[in-house]
Amino acid sequence: MTPLDPTRTIRRRPAPLRLAAVLLALTMAAGAAARLSELPADTPRDVTPVGDLPRTFRADAAGPVHFRGALDGTAVLAGEDGLVRMELAIGAAAPALAGAPVRVPTDLVIVLDRSGSMMGDKILHARAAVRALVEGLDAVDRFALVAYSDVAVPLIPLSAPGGARARWLAAVESITPDGGTNLSSGLDLALAMVDGARSEGRSPRVVLISDGLANQGDASREGLVARAARAAYGEYALSTIGVGTDFDEGLMAALADAGTGNFHFLAGAEGLATILAAEFATARETVATGVRVAIEPAAGVVVVDAAGYPLASEGALVTFRPGSLFAGQERRIQVTLRVPRDAEGVLPLGTFSVGYAAGGERHRLAFEETPRVMAVADEAHVVAALDRESWEQSVIVHQYNALRRSVATAVRDGREEDAVAEIQRYRGDVAKRNEQVASPDVTRQLAEAAKLESRLLDAASGAAPMAPLEAKRLRALGYAEGRPGSRK
């Protein structure tokens, strides 16, 4: 049989090739029969999918990390939005197989807001959380505490505990809230500590805590995000924790993304100890750092989104950095691409690879096969080419949480009507497809989206404005639940 050429379009074939075309169509129809048998009874049975292309992809193993991908379907409707979704799975071997120590010496730097707004329970819980960290340090760990208000102060320099633990605990207890929020000075001091003390075989992590808006020093979003990106290029992580209702959740999330760490939201400071302990445990079990996904899209293909991670262009490549991997972790990230609306036939999507560092060496993994989809003229062909489980995962986990993040941004900016319109578009698109797939799980999720729409309609009308706490929680859920495996 003549191999299917991914660079060709489907057109009227010369007579000598028609027999091969018939045989190819019969082979593809057999592979699609099982999918058609799972569709609702009213789906037309005379539909034969025009492609039976591979849906899953993997890279040859190299070091302790694996790299896989899965399309939620292998067909797109010609003339429509051209969106194609693929879930990437990037994981590190379990502790027994990781090939690296499960317990990695750690450099942990806490950057604590001690501005006047931290008065009361917030500072009490913050002290308790840092105290618990200090008491749990091993002899091989190094720790630092930077407190910032009008200026940043190194209360504990980056060093091993040795005999200084009691003195460190006393320094923690001495923290008193006062002054403004010079967040940039806190970041500058913390990052300088890490960059100036890098040592092979150690896992640095910076955790920034704030309950308010930056109002002194460099308070610009661009300047603060550029600082956070120093962690990514230094191949370590910067995570952020926003406390209460007054901080800028958009900025704190952007800092975590730029620093390849996690964004956490706490309504009150009582949960700080749990989050700090999880961040410390993650750093201790780091297997791979400097993780960087690279996509070289095929001609006409555009990379639209990668679970909200910042996309960077490097020549023909589109890249993003999802963060380090600890032993046994698997990050699952949905990448959305767009193929040309007027495309026809089999469409290559491009090349996919991931690079990382482990054990002092750099590795690169790339899919062995180029992912492809087929542009078709009939919606029933698209449905027949869906993988039901992957499509449900795409809708319920990835697409809905991307919607949450986007809606939270609109609410923060006072654009409730735009948020309502976005939810309505999402519900319409998903419901149309689900009429044919008939997934009970997606039906339940659409009901949840309807409740969110109703809540936003109340907010847009002024009947029940959305409280800052509610909007912050919505964004935090979108980040945490829309990036499966991103946290310990």
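All values reported here derive from a predicted model rather than from experimental measurement.

A. Fine view of the sheet that holds strand S12 (residues 302–306). The five strands are arranged S1-S2-S4-S16-S12 in an open sheet whose pairing can be described as antiparallel. The open sheet has two edge strands with one neighbour each: strand S1 (56–58) and S12. Strand-to-strand twist of the sheet, defined as the mean angle between neighbouring strand axes without regard to direction, takes the value 25°. In terms of strand pairing, S1 meets strand S2 (residues 65–71) through three bridges, oriented antiparallel. Bridging across to S2, Arg58 finds its partner in Arg68. This element, helix H9 (residues 388–412), spans S2, strand S4 (83–92), S12 and strand S16 (330–338) of the sheet and lies at about 85° to S16.

B. Region of interest: empty space enclosed by the protein. Overall, the coordinates contain four cavities of 30 Å³ or more when judged by the stated rule. Of the volumes computed, that of the largest cavity is approximately 80 Å³. Lining of the largest cavity is provided by Gly261, Asn262, Phe263, Tyr309, Pro322, Arg331, Tyr479, Ala480, Arg483, Ser486 and Arg487. Breaking the lining of the largest cavity down by element, the ones donating at least two residues are strand S10 (260–266) and helix H12 (468–481). Broken down by element, the lining of the largest cavity gets its largest block of residues, three residues, from S10.

C. Just the layout of surface pockets, in detail. Considering only enclosed or pocket space, the largest pocket measures out at about 1100 Å³ in volume. Lining the largest pocket are 36 residues, and of these Asp81, Leu83, Arg85, Gln399 and Asp429 sit closest to its centre. With eight residues, H9 is the largest single contributor of residues to the lining of the largest pocket. As a volume, the second largest pocket reaches approximately 520 Å³. As for the second largest pocket, its lining consists of 27 residues, of which Glu200, Gly201, Arg202, Thr289 and Gly359 are closest to the centre. For the lining of the second largest pocket, the secondary structure elements donating two or more residues are strand S8 (203–210), strand S11 (286–297), strand S18 (350–358) and strand S19 (361–366). Sort the elements by how many residues they give to the lining of the second largest pocket and S11 lands first, with four residues. Across the lining of the second largest pocket, the residue classes break down as 12 nonpolar, eight polar and seven charged.

About the cut-offs
- Residues numbered from 1 in each chain as written.
- Predicted model: local features only at pLDDT ≥ 70, side-chain atom pairs only at ≥ 80, totals over all residues.
- Heavy atoms only, no water.
- Pairing = 2+ DSSP bridges.
- Helix = DSSP H or I, 4+ residues; strand = E, 2+ residues; numbered from the N terminus.
- Axes fitted to C-alpha atoms, helices over the stretch in contact; angles between N-to-C directions.
- Contact = heavy atoms within 4.5 Å.
- 1 Å grid on protein atoms, 1.4 Å probe; cavity = no way out; pocket = protein on both sides within 12 Å on 5 of 7 lines; lining within 4 Å.
- Points joined across faces, edges and corners; volume = space filled by probe spheres on them.
- Nonpolar A, V, L, I, M, F, W, Y, C, P; charged D, E, K, R; others polar.

What is shown is where atoms sit, not what they do.
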